[in-house]
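# Observations on chain architecture
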Amino acid sequence: MLKPGDQCIGGGYYHFDFVSNRIILDRESYDFGRPKWHLLEVLKVPSTYRGMQIVYKYDDGFHDDFNVSEELPIEYYD
């Protein structure tokens, strides 16, 4: 969900869970690995997704899910 000129600092896939009103982020990219949440000060999200909770699922048996919506400030853009 990058805009032109943005840099990727890790991440993988996402899907929408409309029943629970969440965006589920999971896995890691081959080039950039898992998201590096500690490098972000704010998460920029298209305004279309305002009100949806954003959660990253590690699904590795070692980490708990990371509730992005609770841990990072979110800035919405048009």
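So, here is what we can say about the structure in this document. Computed from a prediction, not measured in an experiment: that's the story for all the values here.

Thresholds, definitions, all that
Residues numbered from 1 in each chain as written. Predicted model: local features only at pLDDT ≥ 70, side-chain atom pairs only at ≥ 80, totals over all residues. Heavy atoms only, no water. Helix = DSSP H or I, 4+ residues; strand = E, 2+ residues; numbered from the N terminus. Buried < 20%, exposed > 50% of the residue type's maximum accessible area, 1.4 Å probe, protein only. Contact = heavy atoms within 4.5 Å. Areas by Shrake-Rupley, 256 points an atom, 1.4 Å probe, with all protein chains shown as cover. Phe/Tyr/Trp six-rings, centres within 6.5 Å; stacked < 30°, edge-to-face > 60°. Core = buried A, V, L, I, M, F, W, Y, C linked by side-chain atoms within 4.5 Å. Pairing = 2+ DSSP bridges.

### Here's the deal with the overall build of the chain
Along the backbone of the chain there are 1 helix and 6 strands. Along the chain, helices (α) and strands (β) appear in the sequence β-β-β-β-β-α-β when read from the amino end. Looking at the chain residue by residue over its 78 residues, the buried ones come to 28%. Within the chain, contacts between residues separated by at least 24 positions form 55% of all contacts whose residues are at least 6 apart in sequence. Approximately 5,700 Å² of the chain is accessible, and the part contributed by carbon and sulfur atoms is 49%.

### Regarding unusual backbone geometry
Of note in the backbone geometry, N21 takes a positive phi value of approximately 55 degrees without being a glycine. Turning to its location among the elements, N21 is positioned in the loop between β1 (13-17) and β2 (22-26).

### Re the packing of aromatic side chains
On inspection of all chains with the given rule, the structure shows 6 aromatic pairs. Where F16 meets F18, the ring centres are 5.6 Å apart and the plane angle is 15 degrees; that geometry is what we call stacked. Ring-pair connections join several aromatic residues into one group, and the members of that group are Y14, F16, F18 and Y49.

### Some remarks on the environment of N67
Mapped onto the elements, N67 comes out in strand β5 (residues 66-67). Given a relative accessible area of 17%, N67 falls into the buried group. A sequence separation of 13 residues divides N67 from I54, and the C-alpha atoms of the two residues are 6.4 Å apart. Among all residues touching N67, those that are not within four sequence positions of it are Q53, I54 and V55.

### Remarks on the nonpolar core
When a protein is soluble and globular, its nonpolar side chains tend to lie buried together. In this structure, I23, L25, W37, L43, V45, M52, I54, Y56, Y58, V68 and L72 together form the largest nonpolar core, which totals 11 residues. For this core, the secondary-structure elements that each account for two or more residues are β2, β3 (43-46) and β4 (53-57). Contact partners of L25, with chain neighbours within four places excluded, come to Y13, Y14, W37, I54, V55, Y56, K57 and V68.

### Examining the pairing of β1
In the case of a regular strand, side chains alternate between the two sheet surfaces. In the sheet, β1 pairs with β2 via 5 bridges, with the strands oriented antiparallel. Bridge assignment links Y13 to a residue of β2, and that residue is D26. Turn length for the β1-β2 hairpin, with the two strands adjacent in sequence and antiparallel, is 4 residues, and the turn residue N21 shows positive phi of about 55 degrees.

Geometric descriptors of this kind do not, in isolation, establish any biological role.
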